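Okay, here's what each chain looks like letter by letter:
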Amino acid sequence: MSKIKKFKITKYRKEIKPILQMKNISKKYGDKNVLQDLNMEIMPSSITGLLGPNGSGKTTIFNILLGITKMDSGKLLVSNDGKKNVDIGSMPIHQRCAENKIKFIPQNDSLFRNLSVVDNLNAIAEIVLKDKRIIEEKIENLLTEFSLTDQRGTLAHNLSGGQKKKVAIMRALIGECRIIFMDEIFSNIDPITIEMIKDVIVKLQVTRNITILISDHAFENVLQIADSIKILSGGHIVSEGSPSSIVKDVRARSVYFGENY
């Protein structure tokens, strides 16, 4: 069992409100109801695991959150200051992500394969930052923080799987960031690198107060670092709670973990 996460956020003060709320979200593809009146709340500065069987709608949730897919009904609310909720459901991708400091790290390699590590970072920095001095300082600090200084000139396609994940996270941190969605962040990397990536994710929470929603089929890794887990099945959340309680939940075991876990 990983020792990386030495704490879990089990409860919040009453005055602390969710940073993200999905209210009665529904989405239908043809005759198939992928999401049905789904309700989900994400608390600020938390790591939340979204788990569920294949086809349960996890990818659709990410796409709706990002604005890639339009929901059929419901509301998508983001809190900017802990008090005021903004409905971002009709906002285009660039607007909702820029104004609410939302970043996404997809399952597939999203790097510019024929650019170096530094150029990958520069490509994003030149869009979100204007001052060349600030850009250089930001990149150097990230290279040091993520221990990739020696790989600064390495082309992305020559990086290891873990190094690619690091660069993807670094690009998300170039500009201001409050929320990161991570899809299959532990795929295609070895066990030692998985431990390193888990450590990076926890540090994002602890040192930067970033809110993280993570989905991965390697659910044990998610259980080890998440504060709360939500189980998706049949188009809605069927069970939620702490990692220790969710694995004992009858409904969660029947639809996802199995009786022998």
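Read on for an overview of the structure. Quick caveat: nothing in here was measured; it's all calculated off a predicted structure. Numbering of residues starts from 1 in every chain and runs along the sequence as written. Totals for whole chains, interfaces and linings use all residues, but because this is a predicted model, local features are given only for residues with pLDDT of at least 70 and pairs of side-chain atoms are given and counted only at 80 or more. The side-chain quantities take in all heavy atoms of the structure and omit both hydrogens and water.

1. Considering the overall build of the protein
Then, number 1: Secondary structure elements are defined from DSSP: runs of H or I of at least 4 residues count as helices, runs of E of at least 2 residues count as strands, and each element is numbered from the N terminus. Looking only at helices and strands, the protein has 9 helices and 10 strands in total.
Then, number 2: We take the radius of gyration over the C-alpha atoms and set the globule estimate at 2.2 Å times the residue count to the 0.38 power. Expected size for 261 residues packed as a compact globule is a radius of gyration near 18 Å; at 18 Å, the protein falls within 12% of this value.
Then, number 3: In terms of overall dimensions, the protein has C-alpha extents of about 50 × 40 × 40 Å along its principal axes.
Then, number 4: Under the scheme applied here, a residue whose accessible area is under 20% of the maximum for its type counts as buried, over 50% as exposed, and between as partly exposed, the area being computed with a 1.4 Å probe on protein chains only. Among the 261 residues that make up the protein, the fraction classed as buried is 51%.
Then, number 5: Long-range contacts, defined as pairs at least 24 residues apart, comprise 68% of the intrachain contacts of the protein with a sequence gap of at least 6.
Then, number 6: Counting every atom, the protein has about 13000 Å² of accessible surface; 50% of that belongs to carbon and sulfur.
Then, number 7: Counted as positive: Lys and Arg. Counted as negative: Asp and Glu. His and the chain ends are not counted at all. All charge positions are set by atom: Lys at NZ, Arg at CZ, Asp at CG, Glu at CD. Of note, the protein has its 38 positive side-chain charges centred 4 Å away from the centre of its 29 negative side-chain charges. The contact definition used throughout considers only heavy atoms, calling two residues in contact when any of these lie within 4.5 Å. To measure how exposed things are, a 1.4 Å probe is used in the Shrake-Rupley method; for residues, cover is taken only from the protein chains shown.

2. As for the nonpolar core
Then, number 1: Side-chain atoms within 4.5 Å are what join buried Ala, Val, Leu, Ile, Met, Phe, Trp, Tyr and Cys residues into a set we call a nonpolar core. One finds I201, I231 and F257 to be the most contacted residues of the largest nonpolar core, which totals 54 residues.
Then, number 2: Counting residues per element, this core draws most heavily on helix α6 (residues 191–208), at 6 residues.
Then, number 3: Within the second largest apolar cluster, 28 residues are counted, among which are I25, I61, L65 and M91.

3. What about unusual backbone geometry?
Then, number 1: Here S45, not a glycine, exhibits a phi torsion of approximately 55 degrees, which is positive.
Then, number 2: Owing to a relative accessible area of 22%, S45 belongs among the partly exposed residues under this scheme.
Then, number 3: Located in the positive-phi region is N209, a residue other than glycine, with phi close to 55 degrees.

4. Regarding the environment of S56
Then, number 1: In this structure, S56 sits in the loop between β3 (47–51) and α1 (58–66).
Then, number 2: For the pair formed by S56 and G235, sequence separation is 179 residues and the distance between their alpha carbons is 6.1 Å.
Then, number 3: When neighbours within four sequence positions are excluded, S56 is seen to be in contact with V34, L35, L232, S233 and G235.

5. Regarding the sheet that holds strand β9 (residues 228–233)
Then, number 1: DSSP calls a pair of strands paired once it identifies at least 2 bridges connecting them. Judged by pairing direction, the sheet is mixed, and its 6 strands sit side by side in the order β6-β7-β8-β3-β9-β10 without closing on themselves. The two strands at the open ends of the sheet, each matched to only one other strand, are β6 (102–105) and β10 (236–241). Between one strand axis and the next, the sheet turns by 20 degrees as a mean value, whatever way the strands run.
Then, number 2: Sheet contacts for helix α9 (residues 250–257): β3, β9 and β10; angle to β9, the most-contacted strand, approximately 60 degrees. Orientation is described by axes fitted as lines to C-alpha atoms, over the contacting stretch for helices, and by angles from 0 to 180 degrees between their N-to-C directions.

6. Examining the packing of helix α3 (residues 117–128) against helix α4 (residues 132–145)
Then, number 1: Here α3 crosses α4 at 135 degrees, and the two axes come no closer than 10 Å. For the element pair α3 / α4, the angle class is oblique. Crossing geometry of α3 relative to α4 is assigned as right-handed. Listed contacts from α4 to V117, V118, L121, N122, A125 and E126 of α3 are I135, I139 and L143.
Then, number 2: Here the nonpolar group is Ala, Val, Leu, Ile, Met, Phe, Trp, Tyr, Cys and Pro; Asp, Glu, Lys and Arg are the charged ones; every other residue, Gly included, is treated as polar. Taken together, the residues that form the contact of α3 with α4 break down as 7 nonpolar, 1 polar and 1 charged. Oblique is the label for every angle not falling under 35 degrees (roughly parallel), over 145 degrees (roughly antiparallel), or within 65 to 115 degrees (roughly perpendicular). Note: crossing handedness is left-handed where the near helix turns anticlockwise from the far helix by less than a right angle, and right-handed where it turns clockwise.

7. Quick word on the packing of aromatic side chains
The description of an aromatic ring pair rests on the distance of the ring centres and on the angle between the ring planes.
Then, number 1: Here a pair means two rings of Phe, Tyr or Trp (six-membered ring of Trp) with centres within 6.5 Å. Their orientation is stacked below 30 degrees between planes, edge-to-face above 60, and tilted elsewhere. Following the criterion strictly, the structure yields 7 aromatic pairs and no others.
Then, number 2: Their ring planes at 70 degrees and their centres at 5.2 Å tell us that F219 and F257 sit as a pair that is edge-to-face. Here F219 is found in helix α7 (residues 219–225), whereas its partner F257 is found in helix α9, with 38 residues between them in sequence. Assigned by exposure class, F219 and F257 land together as buried.
Then, number 3: Between the aromatic rings of Y256 and F257, the centroid separation amounts to 5.1 Å while the plane-to-plane angle is 70 degrees, which identifies the pairing as edge-to-face. Of the two residues, Y256 and F257, both sit in the buried class.
Then, number 4: Cluster of aromatic residues (ring-pair linked, three or more members): F219, Y256, F257 and Y261.

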